[in-house]
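# Examining the three-dimensional arrangement
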Amino acid sequence: MIKSSLEKKTGCLTISVIGRFDYTCHKAFKEAFGGVTATCYEVDLSETLYLDSSALGMLLLLRDNAGGEKATVRLLSPNRTVMEVLNMANFGLLFNIVE
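Values in this document were obtained by computation on a predicted structure and should not be read as measured data.

### Focus on the packing of aromatic side chains
Scanning the entire structure with this criterion turns up 3 aromatic pairs. A ring pair is formed by Phe21 and Phe29, whose centres lie 5.1 Å apart and whose planes are at 45°; its orientation type is tilted. The class of Phe29 is buried, set by a relative accessible area of 1%. Chaining the aromatic ring pairs together yields one cluster made of Phe21, Phe29 and Phe33. One Lys or Arg, Arg20, reaches over the ring of Tyr50 and ends 4.1 Å from the middle of that ring.

Take a look at the structure:
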C-alpha cells in the first residue's frame with residue numbers, strides 16, 4: 001500500500017510504503033509524486049517488508065522526477081532486509097538514507 005502527504009509548511013512530500021514494495025505498487029507509487037511539486041521528498045520505508053528490483057527502479061524514477069542529482073530525496077527507516085538490498089544496489093550513493 002502506498003500513502004502520500006504533502007507538508008504545506010515545508011513543501012516536503014512523504015510517500016509511505018506499507019508491506020511489499022514491488023511491481024504491483026508501480027501505478028500507486030508513480031501517482032503519489034506525479035504532478036506534485038515539492039521542495040523535498042521522503043520515502044518512509046519503516047513499514048516496508050520487502051522490496052525488489054522494480055522498487056529500486058521506482059525510487060530512481062522518483063529521483064529523476066524530483067530533479068536528479070540536485071534533488072533532496074531521503075529514504076527513511078528501512079529495516080535490515082530492505083537496507084541490505086539498498087546497500088547491494090549502492091543506493092547510499094544516490095539517496096540520503098536515514099536509519
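Here the narrative resumes.
### Some thoughts on the packing of helix α1 (residues 26-33) against helix α2 (residues 53-66)
Where α1 contacts α2, the two axes come as close as 11 Å, and the packing angle between them is 20°. As the angle between them shows, α1 and α2 are arranged roughly parallel. Crossing handedness for the pair α1 and α2: right-handed. Here α1 contributes His26, Phe29, Lys30 and Phe33 to the contact with α2, which in turn contributes Met58, Leu59, Leu61, Leu62 and Asn65.

### Quick notes on the sheet that holds strand β4 (residues 40-44)
Each strand in a sheet pairs with its neighbour through backbone hydrogen bonds, running either in the same direction (parallel) or in the opposite one (antiparallel). Spatial ordering of the open sheet is given by β1-β2-β4-β6-β7, a layout of 5 strands whose pairing is mixed. The two strands at the open ends of the sheet, each matched to only one other strand, are β1 (2-7) and β7 (96-98). Ignoring strand direction, the axes of neighbouring strands in this sheet form an average angle of 20°. This element, α1, spans β1, β2 (12-17) and β4 of the sheet and lies at about 165° to β2.

The rules behind each value
Each chain has its residues counted from 1, following the order in which its sequence is written. The model is predicted, so local features are restricted to residues of pLDDT at least 70 and side-chain atom pairs to those at 80 or more, both for listing and for counting; the totals for chains, interfaces and linings are taken over all residues. Excluding hydrogens and water, the side-chain figures rest on all heavy atoms present in the structure. Only Phe, Tyr and Trp rings are paired, with Trp represented by its six-membered ring, and only when their centres lie within 6.5 Å; those with planes under 30 degrees apart are stacked, over 60 edge-to-face, the remainder tilted. Only protein chains enter the accessibility calculation, which uses a 1.4 Å probe. A residue is then buried if its area is under 20% of the maximum for its type, exposed if over 50%, and partly exposed in between. Only lysine NZ and arginine CZ atoms are considered, and such an atom sits over a ring when it is within 6 Å of the ring centre and within 35 degrees of the ring normal. Here, axes are lines fitted to C-alpha atoms. For helices the fit covers the stretch in contact, and angles between N-to-C directions go from 0 to 180 degrees. Helix and strand definitions here come from DSSP, where helices need a minimum of 4 consecutive H or I residues and strands a minimum of 2 consecutive E residues; each element is numbered from the N-terminal end. To sort the angles, those under 35 degrees are grouped as roughly parallel, those over 145 as roughly antiparallel, those from 65 to 115 as roughly perpendicular, and the leftovers as oblique. Crossings are sorted by hand: turned counterclockwise from the far helix by less than a right angle, the near helix makes the crossing left-handed, and turned clockwise it makes it right-handed. Residues are treated as being in contact if the distance between any of their heavy atoms lies within 4.5 Å. The criterion for strand pairing is that DSSP finds at least two bridges linking the strands in question.

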